[in-house]
Amino acid sequence: DQQVKQNSPSLSVQEGRISILNCDYTNSMFDYFLWYKKYPAEGPTFLISISSIKDKNEDGRFTVFLNKSAKHLSLHIVPSQPGDSAVYFCAATTNSGSARQLTFGSGTQLTVLP
Amino acid sequence: SQTIHQWPATLVQPVGSPLSLECTVEGTSNPNLYWYRQAAGRGLQLLFYSVGIGQISSEVPQNLSASRPQDRQFILSSKKLLLSDSGFYLCAWSKQLGYTFGSGTRLTVV
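If you're wondering where the values come from, they're calculated on a predicted model, not measured in any experiment.

Cut-off values and rules
- Residues numbered from 1 in each chain as written.
- Chains lettered and ligands numbered in written order.
- Predicted model: local features only at pLDDT ≥ 70, side-chain atom pairs only at ≥ 80, totals over all residues.
- Heavy atoms only, no water.
- Pairing = 2+ DSSP bridges.
- Helix = DSSP H or I, 4+ residues; strand = E, 2+ residues; numbered from the N terminus.
- Polar contact = N/O pair within 3.5 Å; in protein donor to acceptor, adjacent residues only side chain to side chain.
- Contact = heavy atoms within 4.5 Å.
- Buried area = accessible area lost by both parts, 1.4 Å probe.
- Salt bridge = Lys/Arg side-chain N within 4 Å of Asp/Glu carboxyl O.

A. The arrangement of the pairing of strand 6 (residues 55-58) of chain B in detail. Residues and elements named next belong to chain B. Pairing of strand 5 (residues 44-52) with strand 6 involves 3 bridges; the strand directions are antiparallel. Within the sheet, the bridge partner assigned to Phe48 lies in strand 6 and is Ser58. Between strand 5 and strand 6, which follow one another and run antiparallel, lie 2 residues, and Gly54 among them has a positive phi close to 75°.

B. Main features of the side chain of A:Gln6. Residues and elements named next belong to chain A. Position of Gln6 relative to the elements: it lies in the loop between strand 1 (4-5) and strand 2 (10-14). At 3.0 Å, the side chain of Gln6 and the backbone nitrogen of Cys90 are in polar contact. At 3.0 Å, the side chain of Gln6 and the backbone nitrogen of Gly107 are in polar contact. When neighbours within four sequence positions are excluded, Gln6 is seen to be in contact with Asn22, Cys23, Trp35, Tyr88, Phe89, Cys90, Gly105, Ser106, Gly107 and Thr108.

C. Local environment of the interface of chain B and chain A. On the chain A side, the residues contacting the 19 residues of chain B number 17 residues. Summing the contributions of chain B and of chain A, the shared interface buries around 1,500 Å²; its carbon and sulfur component is 62%. Contact with chain A buries area across many residues of chain B, yet B:Leu44, B:Leu97 and B:Tyr99 alone supply 35% of it, more than any other trio. Seen at the junction of chain B and chain A, the total is 0 salt bridges. Linking chain B with chain A are 5 residue pairs in polar contact (both at pLDDT 80 or more), by the criterion used here. Those elements that provide at least two residues to the side of chain B that touches chain A are strand 4 (32-38), strand 5, strand 9 (87-95) and strand 10 (98-101) of chain B.

Below is the structure:
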């Protein structure tokens, strides 16, 4: 059972336009959400996060929106740049158990066309 | 500052051979440590996590094992590799909410 889903395996956007990456989750116990960016043959790097008590968090060109009632979050990148081309993973975690574990989506390959 | 080292970067091993991947963390103490795997075309799957020396939790049944002989060392092992063990293996550490990943090991079992 996939608790975190990224239903779009790929997305292509023109440079300068907005990129919107979507993520859905099923576990209502998730209380913290993160986006990671991954280049080929490298480890994921943290991009931006949001707590379940908020509905928006912004950091430069990156904004994450959380809709708890819909169990949906999205990452907006404005304006998109060619260097943003990478795989983006949505992740969620809950404060239960002995260590916070991240549950990842399957990723979305973003390609920003010059 | 904290850093995480993972090696080797790439590895090609024959079926049935043993495996040992090592991960070390610097600049922090008593971190939570994790091994993840990314199979081709799929997301990141948690394999093991550890909250302290000698404490290992396994998330999925598999052909692999993990050990934590020292506070900042996490080792992923197998006695006999299978073809299905091929993938991209990532070590990570965390304290509280932050997660930091290593650079990964590309394992190809032939």
